[in-house]
Amino acid sequence: MKRNVLKFGGTSVGSFEKIKNIACYLKDRVEEGEQLVVVVSAMGKTTDELLANVSSITQSPNEQDLAVLLTTGEQQAISYLSIILNDLGVKSKPLTGYQAGIETVGHHLKSKISKINTKLFEQLFVTYDVLIVAGFQGFNTENEITTLGRGGSDTTAVALAAAHGCPCEIYTDVAGVYSTDPRLFPKAKRLQVVSYEEMMEMSALGSGVLVSRSVEIAKNYNIPIYIGKTLSEEKGTWVMSTIEMLEKKAVTGVAIDKDMIHVTLNYPEYDTHLLDELFINLEQEEVNVDMISQITNNEGLQLSFTMKDTEEHQIQKIFFHLKQYYPELYFKIENQFVKVSVIGSGMRDITGVASKVFRTLIESDIPFYQVTTSEISISYVVNVENGDKAVQLLCERFEL
Ligand code: ADP
Ligand code: ASP
Ligand code: MG
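Here is a short report on the structure shown in this document.

Cut-offs applied
Residues numbered from 1 in each chain as written. Chains lettered and ligands numbered in written order. Predicted model: local features only at pLDDT ≥ 70, side-chain atom pairs only at ≥ 80, totals over all residues. Heavy atoms only, no water. Axes fitted to C-alpha atoms, helices over the stretch in contact; angles between N-to-C directions. Helix = DSSP H or I, 4+ residues; strand = E, 2+ residues; numbered from the N terminus. Parallel < 35°, antiparallel > 145°, perpendicular 65-115°, else oblique. Left-handed = near helix turned anticlockwise from the far one by under 90°. Contact = heavy atoms within 4.5 Å. Near = heavy atom within 4 Å. Polar contact = N/O pair within 3.5 Å; in protein donor to acceptor, adjacent residues only side chain to side chain. Areas by Shrake-Rupley, 256 points an atom, 1.4 Å probe, with all protein chains shown as cover. Nonpolar A, V, L, I, M, F, W, Y, C, P; charged D, E, K, R; others polar. Expected span 1.5 Å × (residues − 1). Buried < 20%, exposed > 50% of the residue type's maximum accessible area, 1.4 Å probe, protein only. Arc of directions from axis to C-beta.

### Considerations on the packing of helix α10 (residues 353-363) against helix α11 (residues 384-397)
A packed helix pair is summarised by two numbers, namely the angle formed by the two axes and the spacing between the axes.
So, point 1. α11 packs onto α10 with a crossing angle of 130 degrees between their chain directions and a minimal axis gap of 10 Å. Taken together, the axis directions place α10 and α11 in an arrangement best described as oblique. In terms of crossing hand, the pair formed by α10 and α11 is right-handed. In this structure, α10 uses Lys 356, Val 357, Arg 359, Thr 360, Leu 361 and Glu 363 to contact α11, whose residues at the interface are Ala 390, Leu 393, Leu 394 and Arg 397.

### Comments concerning the site of ligand 2
So, point 1. Neighbouring residues of ligand 2: Ser 41, Thr 47, Glu 74, Phe 136, Arg 150, Gly 151, Gly 152 and Ser 153.
So, point 2. In this structure, Ser 41 approaches ligand 2 through a side-chain N or O atom, which is 3.2 Å from an oxygen atom.
So, point 3. Separating an oxygen atom of ligand 2 from a side-chain N or O atom of Ser 153 is a distance of 3.0 Å.
So, point 4. Here ligand 2 loses 86% of its free accessible area of 260 Å² to cover by the protein chains.
So, point 5. Looking at side-chain class alone, the shell around ligand 2 contains 1 nonpolar, 5 polar and 2 charged residues.

### Notes on the side chain of Asn 281
So, point 1. For Asn 281, the position within the fold is in helix α8 (residues 272-284).
So, point 2. Aside from chain neighbours lying at most four places away, what touches Asn 281 is Ile 318, His 321 and Leu 322.

### Concerning helix α9 (residues 312-325)
So, point 1. The terminal C-alpha atoms of α9 lie 21 Å apart, and with 14 residues this matches the ideal 20 Å at 1.5 Å per residue to within 8%.
So, point 2. All of the buried residues in α9 are Gln 314, Ile 315, Ile 318, Phe 319 and Leu 322. What you see down the axis of α9 is that its buried residues fit within an arc of 130 degrees, all on one side. Away from its buried face by more than 90 degrees, α9 exposes Phe 320 and Gln 324.

### Some remarks on the site of ligand 1
So, point 1. Taken together, 17 residues sit near ligand 1, with Thr 172, Asp 173, Tyr 178, Asp 181 and Arg 183 positioned nearest.
So, point 2. The side chain of Lys 7 places a nitrogen or oxygen atom 3.1 Å from an oxygen atom of ligand 1.
So, point 3. Contacts to ligand 1 include Gly 208, whose backbone N or O atom sits 3.5 Å from an oxygen atom.
So, point 4. The fraction of the free accessible surface of ligand 1 (570 Å²) that becomes covered by protein chains is 83%.
So, point 5. By residue class, the composition of the shell around ligand 1 is 6 nonpolar, 7 polar and 4 charged.

### Thoughts on the side chain of Gln 370
So, point 1. By the secondary structure assignment, Gln 370 is in strand β19 (residues 368-374).
So, point 2. Setting aside anything within four residues of it in sequence, one finds Gln 370 in contact with His 262, Met 291, Ile 292, Ser 293, Ser 304, Thr 306, Ser 379, Tyr 380 and Val 381.

### Topic: helix α7 (residues 212-221)
What sets the pattern is the α-helix's 3.6 residues per turn: residues three or four places apart point alike.
So, point 1. For α7, the complete set of buried residues consists of Ser 214, Val 215, Ile 217 and Ala 218. Down the axis of α7, the sector holding all buried residues measures 160 degrees, keeping them to one side.
So, point 2. At its buried positions, α7 is contacted by α5 (153-164), α6 (196-204), β11 (225-229) and β12 (237-240).
So, point 3. Just downstream of α7, Asn 222 is the residue with a positive phi angle, here 50 degrees.

Structure (structure tokens):
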């Protein structure tokens with residue numbers, strides 16, 4: 001029997017009406033002879049609402065408690081979908097991450113999937129045609145509930161597809177991957193195919209359409225991902241291994257990351273113990289730092305980096321800890337910046353991309369503060385009020 005993994009995101013399951021329509025679609029596919037593993041996210045903005053509830057109680061919730069709470073969003077969604085499917089006469093069973101045997105390792109709120117028990121699925125498919133798995137959740141070796149980080153249902157879906165050795169269909173609220181967020185630049189073109197490498201870079205640099213961890217898994221297991229619009233005939237995008245194109249474009253996409261903070265640390269002298277302790281603490285708290293730059297001169301040490309704004313609490317904690325031992329330490333956390341990046345594997349062979357970007361920003365009076373490059377991307381930190389404009393100008397400049 002043909003088996004497929006499908007995933008529906010939060011907006012797609014945002015109302016009972018939408019869940020009913022998805023159920024009817026799944027019923028048709030089952031009648032065509034497919035066995036389906038269906039991953040769903042929490043309905044609409046449920047996860048944001050749960051997080052807002054917690055913020056109104058405390059700024060430093062216990063992470064295990066928070067993981068247990070956040071997973072309830074997906075648990076509701078799988079139950080509703082299964083209730084409707086069974087009502088339609090489709091043999092369906094909802095599974096939490098724990099029931100689905102999704103083992104994870106690492107931090108409770110950004111765990112990584114380490115193992116999936118596929119035997120269990122084989123047994124269940126003897127009785128059921130649709131197995132609905134709660135996205136974004138698993139459990140660790142201590143039998144504690146964990147989550148996979150924001151947007152983690154994509155990871156659940158791709159990991160399940162890898163475990164079952166089948167393609168993964170991801171359905172969302174846009175018709176695929178565009179050169180940039182189509183909500184920001186409506187003229188953006190939809191990409192028919194995008195390589196794992198470029199998609200990973202786009203995701204890591206802020207294109208929220210797919211979480212980068214999910215693309216990493218797809219690449220490692222060579223699982224093609226199809227991204228399309230939920231219940232639409234519109235063609236979507238395939239994310240798959242590199243395709244050799246005769247005419248390569250230097251730039252495939254432009255991404256913007258608005259969920260970042262810029263951190264600056266000053267100390268009157270270059271103190272390696274301080275730096276050592278800072279990085280040990282960052283590692284312990286599992287804080288990912290990015291775009292690091294350091295200046296050492298006769299005024300002392302200045303270290304700057306960018307990081308995810310969701311980890312601001314951890315960085316505050318680290319600085320307050322360090323300040324006890326280094327009273328002259330000064331730090332600043334700023335959130336008025338965004339990171340704009342141009343991405344394209346063609347950059348390896350085609351020169352002049354950086355200078356085009358620099359000139360575009362300079363000609364438009366958009367100041368930039370930090371710049372980093374990878375083999376296939378260039379990123380610029382700009383003021384938040386210039387972010388959207390920079391994306392639009394760069395899309396026009398590179399004809400995206
Ligand atoms: P879901 O809830 O289905 O997981 P997300 O909100 O996580 O959906 O991802 C879909 C959104 O990603 C789109 O609504 C779009 O605004 C945004 N997005 C950002 N960059 C891109 C891009 N390059 N192509 C398509 N969508 C993008
Ligand atoms: N519900 C989770 C989130 O909002 C996971 C997901 O939607 O993929 O981040
Ligand atoms: Mg998503």
